[in-house]
Amino acid sequence: MDIINKVTDAFWSTHIWLPPNTTWADIAPGSRPDVVHANYRDLIWPIPLAAVVMLVRYTLERFWISPIGKSLGIRSSRPKKAANVPTLELAYAKSSHLDHKWLAPLSKQADMSERQIERWWRLRRAQDKPSTLVKFCENTWRCLYYLYSFIFGVIVLWDKPWFWDVKTCWYGYPHQSVSNDIWWYYMISMSFYWSLTATQFFDVKRKDFWQMFIHHMVTLLLMSLSWVCNLHRVGSLVLVVHDCADIFLEAAKLTKYANYQKVCDAIFAIFTVVWIVTRLGFYPRIIYSSSVEAPRILPMFPAYYIFNSLLLMLLVLHVIWTYMILKIVVDSLQKGLVSLMSGDIRSSDSEDLTDSSGNVRVANGSMRTKTKSGNPATPAAATAAGGVNQRKRGNNSSANNHTADAAATTTTTTTAAN
């Protein structure tokens, strides 16, 4: 027990997390009559709130989004089930990708021809794919959440001085009051990520399941640390800046599933512009303030360098993602492709991606490029990445959703800022 207490005391050392000459007692709730400090005990509230978020999602998808999807003619049927062949099921459980070296031994064990096994395998893989309606519902829910979150964030921050002048994030730190609207903004944002963590086990299982799980947990960790350290001002700015582009990204996906290709392309074009303006325009202004203005106002401490390094890492990733997005647009225009986003977006299988040679895969606000061999060319430190899927007919390509790196850095570092 003594060892645990020592480790805990060392981890929460005021020399690491707080400015010089500041203790945890100094920023505890009620320590000053003129300041309402963030209370670390409030971090328990996002967990029950997550249950409310999941209930709202279920209600909307069941009684509103799904009927709308069906009225638009979106397919809800599932493919025919593959025959129950225990030998093949065991092999499929090991890997959903058929290794042609297995064909001969499997053919003998299952008493089937190699062609029959290949057909069974294709049918079995198709069986695991979600229907278009299910994917439409998921993306519509996310689009609605990001739309709400962005509008609520702007309303909450509209009368806050740091929304208009970023350097006021640092005046008076760490003795900065948390207003009720900021409290709700933070708690609801965290409850959304808690809900994503839970619903992952029931949603369409994608190949990046554990990567996204880690990504959500790291996001929650970083938001929690920023709350404990009273860095809610800069955290709220980063949240609202990143929610904006995600609205159009999810909207592009759901219009794609609804077969409104021209609308999808128009929204994707808007997404590209909004992405550049927010991620390479407004966000660097936050970075400038945290890197240049903050040291002039505050005495520095280790936690500051930790959070600011994550903010800078995210900026580098934004530059990489922007390059990938623009490359998709330029390649599409050069090849004369009618649509920018042809093919399923962030599908669970590469076979969902069809037609053009410039298929786009979009994942949670970011993009990843796929090489000929099917291996993702992800940025180091990773993040929600996606990109161009150069694919020729007849080629066997393995579908990889954005990797742990990809997943963990888009929101990881996004919340690093938080």
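Residues numbered from 1 in each chain as written. Predicted model: local features only at pLDDT ≥ 70, side-chain atom pairs only at ≥ 80, totals over all residues. Heavy atoms only, no water.

### So, the overall build of the protein
Okay, step 1: The helix and strand inventory of the protein stands at 14 helices and five strands.
Okay, step 2: Within the protein, buried positions represent 53% of all 418 residues.
Okay, step 3: For the protein, contacts bridging at least 24 residues in sequence account for 75% of all contacts bridging at least 6.
Okay, step 4: Accessible surface, the protein: about 19,500 Å² in total, of which carbon and sulfur atoms supply 64%. (Helix = DSSP H or I, 4+ residues; strand = E, 2+ residues; numbered from the N terminus. Buried < 20%, exposed > 50% of the residue type's maximum accessible area, 1.4 Å probe, protein only. Contact = heavy atoms within 4.5 Å. Areas by Shrake-Rupley, 256 points an atom, 1.4 Å probe, with all protein chains shown as cover.)

### Here we look at the packing of aromatic side chains
Each aromatic ring pair is summarised here by two numbers: the centre-to-centre distance and the angle between the ring planes.
Okay, step 1: In the structure shown here, the tally under the stated rule is 22 aromatic pairs.
Okay, step 2: A centroid spacing of 5.9 Å and a plane angle of 65° characterise the contact between W120 and W121, whose relative ring orientation is edge-to-face.
Okay, step 3: With centroids separated by 6.1 Å and ring planes inclined at 5°, the aromatic side chains of Y173 and F301 adopt a geometry described as stacked. Residue Y173 is located in the loop between α8 (161–164) and α9 (180–199), and its partner F301 is located in the loop between α12 (261–297) and α13 (302–334); the two are separated by 128 residues in the primary sequence. In this structure, Y173 and F301 share a single accessibility class: buried.
Okay, step 4: Aromatic ring contacts, followed pair by pair, group Y145, Y146, Y148, F152, Y185, F192 and Y193 into a single cluster. (Phe/Tyr/Trp six-rings, centres within 6.5 Å; stacked < 30°, edge-to-face > 60°.)

### Description of the environment of E118
Okay, step 1: Considering the arrangement of structural elements, one finds E118 in helix α6 (residues 114–128).
Okay, step 2: Residue E118 is classed as partly exposed on the basis of its relative accessible area of 23%.
Okay, step 3: For E118, the contacting residues outside a window of four places in its chain are L98, H100 and L103.

### A look at the nonpolar core
Okay, step 1: Of all hydrophobic cores here, the largest spans 76 residues; its most connected members are F136, W227 and Y283.
Okay, step 2: Of all elements in the fold, only α3 (46–71), α7 (132–157), α9, α10 (209–228), α11 (232–257), α12 and α13 reach the threshold of two or more residues within this core.
Okay, step 3: With 14 residues, α11 is the single largest residue contributor to this core.
Okay, step 4: With residues near it in sequence (within four places) discarded, W227 still touches A38, N39, Y40, D42, L43, V178, W183, Y186, M187 and H232.
Okay, step 5: Among the nonpolar cores identified, the runner-up in size contains 13 residues, and V85, A91, Y92 and L106 belong to it. (Core = buried A, V, L, I, M, F, W, Y, C linked by side-chain atoms within 4.5 Å.)

### Considering the confidence of the model for the protein
Okay, step 1: The share of residues in the protein with pLDDT of 70 or more is 77%, and the mean pLDDT across the chain is 78.
Okay, step 2: Summarising per-element confidence for the protein, the mean pLDDT is lowest in strand β1 (residues 359–363) (34) and highest in α8 (95). (pLDDT = per-residue confidence, 0-100.)

### Examining α3
Okay, step 1: Spanning 26 residues, α3 covers 35 Å between terminal C-alpha atoms, matching the ideal 38 Å at 1.5 Å per step.
Okay, step 2: In α3, a bend of some 45° at E61 exceeds every other bend along the element.
Okay, step 3: For α3, the complete set of buried residues consists of P46, L49, A50, V53, R57, E61, I65, S66 and G69.
Okay, step 4: Looking at the buried residues of α3, the elements they touch are α7 and α9. (Expected span 1.5 Å × (residues − 1). Bend = angle between axes of the 7 residues up to and from the residue.)

### Focus on the packing of helix α4 (residues 86–94) against helix α5 (residues 103–110)
Okay, step 1: One can describe the packing of α4 onto α5 by two numbers: an axis separation of 9 Å at closest approach and a directional angle of 150°. Residues T87, L88 and A91 of α4 touch α5, and the partners they reach there are L106, Q109 and A110.
Okay, step 2: Looking at the contact of α4 with α5 residue by residue, the classes come out as four nonpolar, two polar and no charged. (Axes fitted to C-alpha atoms, helices over the stretch in contact; angles between N-to-C directions. Nonpolar A, V, L, I, M, F, W, Y, C, P; charged D, E, K, R; others polar.)

### Here's the deal with the pattern of salt bridges
Okay, step 1: For the structure on display, the rule yields ten salt bridges.
Okay, step 2: Notably, a salt bridge pairs K160 with D159, separated by 2.9 Å at the nearest N-O pair.
Okay, step 3: As a salt-bridge pair, D246 and R279 come within 3.5 Å of each other at their nearest N and O atoms. Here D246, found in helix α11, pairs with R279, found in helix α12; they are 33 residues apart in sequence, far enough to count as distant.
Okay, step 4: The buried category is assigned to R279, whose relative accessible area is 2%.
Okay, step 5: When salt bridges that share partners are traced, they join D159, K160 and D181 into one network. (Salt bridge = Lys/Arg side-chain N within 4 Å of Asp/Glu carboxyl O.)

### Brief notes about a nonpolar patch on the surface
Okay, step 1: Together, W64, I68, L72, Y260 and V263 line one region of the surface with nonpolar side chains, adding up to about 430 Å² of accessible area.
Okay, step 2: Take W64: it is sitting in helix α3. (Patch = residues over 30% accessible without salt bridge, like charges linked within 9 Å, V, L, I, M, F, W, Y side chains within 5 Å.)

### What about unusual backbone geometry?
Okay, step 1: With an omega of 5°, the peptide bond between Y173 and P174 qualifies as cis.
Okay, step 2: In this structure, P174 sits in the loop between α8 and α9.
Okay, step 3: Positive phi, close to 55°, is recorded for D111, a residue that is not glycine.
Okay, step 4: Note on placement: D111 falls in the loop between α5 and α6.
Okay, step 5: With relative accessibility at 70%, the residue D111 sits in the exposed group.
Okay, step 6: The phi dihedral of N259 falls on the positive side, at around 65°, and the residue is not glycine.

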